[in-house]
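Residues per chain, in single letters:
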Amino acid sequence: MPLVNNRVGSECSVGTDKAVADGSALVDSLMKVVASYRHLASCVGGCTDSLQLRDELRRTREKAQKLAVTTCQHLTSHLRDKSMAQERRKDFELLWVAFSSCLELLHADMSKVFSMGDVFSPANTDALVKTGLLGGGSEVAAQALSLPDLKEVPSSTPPAGLDDEERSSMEQEINQMDRMMEDMEMKVNVLRWMVEPRGPQHADPLSSVDSVSLALLSVDEEQPGHQPLCQRNQIFVFLLLLLVVLVAATLSICIVLFS
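Residues numbered from 1 in each chain as written. Predicted model: local features only at pLDDT ≥ 70, side-chain atom pairs only at ≥ 80, totals over all residues. Heavy atoms only, no water.

## Notes on the overall build of the chain
The helix and strand inventory of the chain stands at seven helices and zero strands. Secondary structure elements of the chain occur, N-terminal to C-terminal, as α-α-α-α-α-α-α. The contacts in the chain between residues at least 6 apart in sequence include a share of 82% that link residues at least 24 apart. (Helix = DSSP H or I, 4+ residues; strand = E, 2+ residues; numbered from the N terminus. Contact = heavy atoms within 4.5 Å.)

## Structural notes on the side chain of D109
With respect to the secondary-structure elements, D109 resides in helix α3 (residues 86-119). Side-chain polar atoms of D109 contact the side chain of R38, separated by 3.0 Å. (Polar contact = N/O pair within 3.5 Å; in protein donor to acceptor, adjacent residues only side chain to side chain.)

## Observations concerning the nonpolar core
With 40 residues, the main nonpolar core has L57, F92, W96 and F99 as its most contacted residues. Element by element, the count of residues in this core is highest for α3, at 11 residues. Not counting the four nearest positions on each side in its chain, F92 is found in contact with T16, A19, V20, H74, L75, H78, L79 and M84. (Core = buried A, V, L, I, M, F, W, Y, C linked by side-chain atoms within 4.5 Å. Buried < 20%, exposed > 50% of the residue type's maximum accessible area, 1.4 Å probe, protein only.)

## Side note on the environment of G46
With respect to the element layout, G46 can be found in the loop between α1 (2-41) and α2 (51-79). Since its relative accessible area comes to 5%, G46 is described here as buried. The spatial distance from the C-alpha of G46 to the C-alpha of F120 is 8.8 Å, given a sequence separation of 74 residues.

## A closer look at the packing of aromatic side chains
Inspection of the entire model under this criterion finds one aromatic pair. Lying over the aromatic face of F114, R167 brings its terminal NZ or CZ to 4.2 Å of the ring centre. (Phe/Tyr/Trp six-rings, centres within 6.5 Å; stacked < 30°, edge-to-face > 60°. Lys NZ or Arg CZ within 6 Å of the ring centre and 35° of its normal.)

## A few points about the pattern of salt bridges
Going through the model one piece at a time under the given rule, you end up with eight salt bridges. Note that K18 is salt-bridged to D22, the shortest N-O span being 3.0 Å. Note that K18 and D22 are positioned in helix α1 at a spacing of four residues, about one turn of the helix. By relative accessible area, which is 53% here, K18 ends up exposed. (Salt bridge = Lys/Arg side-chain N within 4 Å of Asp/Glu carboxyl O.)

## Details of the environment of F99
Mapped onto the elements of the fold, F99 is located in helix α3. Among the residues examined, F99 registers a relative accessible area of 0% and is labelled buried. Between the C-alpha atom of F99 and that of L30, which follows or precedes it by 69 residues, the distance is 7.9 Å. In this structure F99 touches V27, L30, A68, T71, C72, L75, M180 and M184, once residues within four positions along its chain are discounted.

## Brief notes about the environment of K32
By secondary structure assignment, the location of K32 is in helix α1. A relative accessible area of 61% means that K32 is categorised as exposed. The spatial distance from the C-alpha of K32 to the C-alpha of C102 is 9.7 Å, given a sequence separation of 70 residues.

## Some thoughts on a nonpolar patch on the surface
Together, F236, V237, L240, L241, L243, V244, V247 and L251 make up a nonpolar patch on the protein surface, roughly 780 Å² of accessible area in all. The exposed category is assigned to L241, whose relative accessible area is 55%. (Patch = residues over 30% accessible without salt bridge, like charges linked within 9 Å, V, L, I, M, F, W, Y side chains within 5 Å. Areas by Shrake-Rupley, 256 points an atom, 1.4 Å probe, with all protein chains shown as cover.)

## Let's talk about the packing of α2 against α3
One way to put it is that α2 packs onto α3 with a least axis distance of 10 Å and a crossing angle of 155°. Our classification of the angle between α2 and α3 gives roughly antiparallel. Where α2 crosses over α3, the handedness of that crossing is left-handed. Side by side, α2 and α3 meet where L57, R61, A64, Q65, A68, T71, C72, H74, L75, T76, H78 and L79 of the first sit next to R89, F92, E93, L95, W96, F99, L103, L106, M110 and V113 of the second. Its residues assigned to classes, the contact of α2 with α3 shows 14 nonpolar, five polar and three charged. (Axes fitted to C-alpha atoms, helices over the stretch in contact; angles between N-to-C directions. Parallel < 35°, antiparallel > 145°, perpendicular 65-115°, else oblique. Left-handed = near helix turned anticlockwise from the far one by under 90°. Nonpolar A, V, L, I, M, F, W, Y, C, P; charged D, E, K, R; others polar.)

## Let's talk about the side chain of R61
Summarising the element assignment, R61 is placed in helix α2. Dropping the residues within four chain positions of it, R61 is found in contact with Y37, M110, E166, M170 and E173.

## A few points about the confidence of the model for the chain
In this model, the chain carries a mean pLDDT of 74, and residues with pLDDT of at least 70 account for 64%. By mean pLDDT, helix α6 (residues 205-222) is the weakest element of the chain at 48, and α2 is the strongest at 90. In the predicted structure, residues 149-160 sits below a pLDDT of 50 and forms 17 contacts with residues beyond four places in sequence or in another chain. Under a pLDDT of 50 for its full length, residues 205-209 has, in the predicted model, one contact with residues more than four places off or in other chains. (pLDDT = per-residue confidence, 0-100.)

Given below as structure tokens:
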């Protein structure tokens, strides 16, 4: 009977490990797509803004939203499991914090693109800002969409009503993301400030730089041939005082002997 229990526990552990790995893969994929969308969003209103860029933004945004829904369902179902081990729960909480941060970035970029659409239109190229950037958006979008290349260029003249339809659809998507983030907070109560990073891959880069700097300073102090400037000044002052004491002692002895 104990053998059966051990086997069941081992299978549960393997299943939980696979769930963590699947969740990590989903979060990593979402991070890449959100980063690609942020790169494309930075081109809106610039000299590289065009109908093709707006289409790439739409397709990248749609893929990010599909990944977000899948990731949310996966993480929510496991975080609501009360029988999960504490160590595995910490892993899922780390993924949840990363996932929530991705959604906030995506929401901010979508709102930015929506607001920029009021000012800049790809149909009016004279109003675009001459930033000096050239190309690069199609490659980023192709990588985010897992496509070999994006060579299909939309027509230079948008169909009538396309801009209004796109903006209406985008406004609905932003509202859906607002509701999604609210539902997440209602279903799963993960306090971000209570979640601690684990492992060297989550180390604070600033603390790493500080530790390296301290290590270099300690190595410098241990090397006899390389002494700090302040230490050399202290040695010089000490030798000077010693010389003054010796001269004063010699003069005192001479005075005593010849008096």
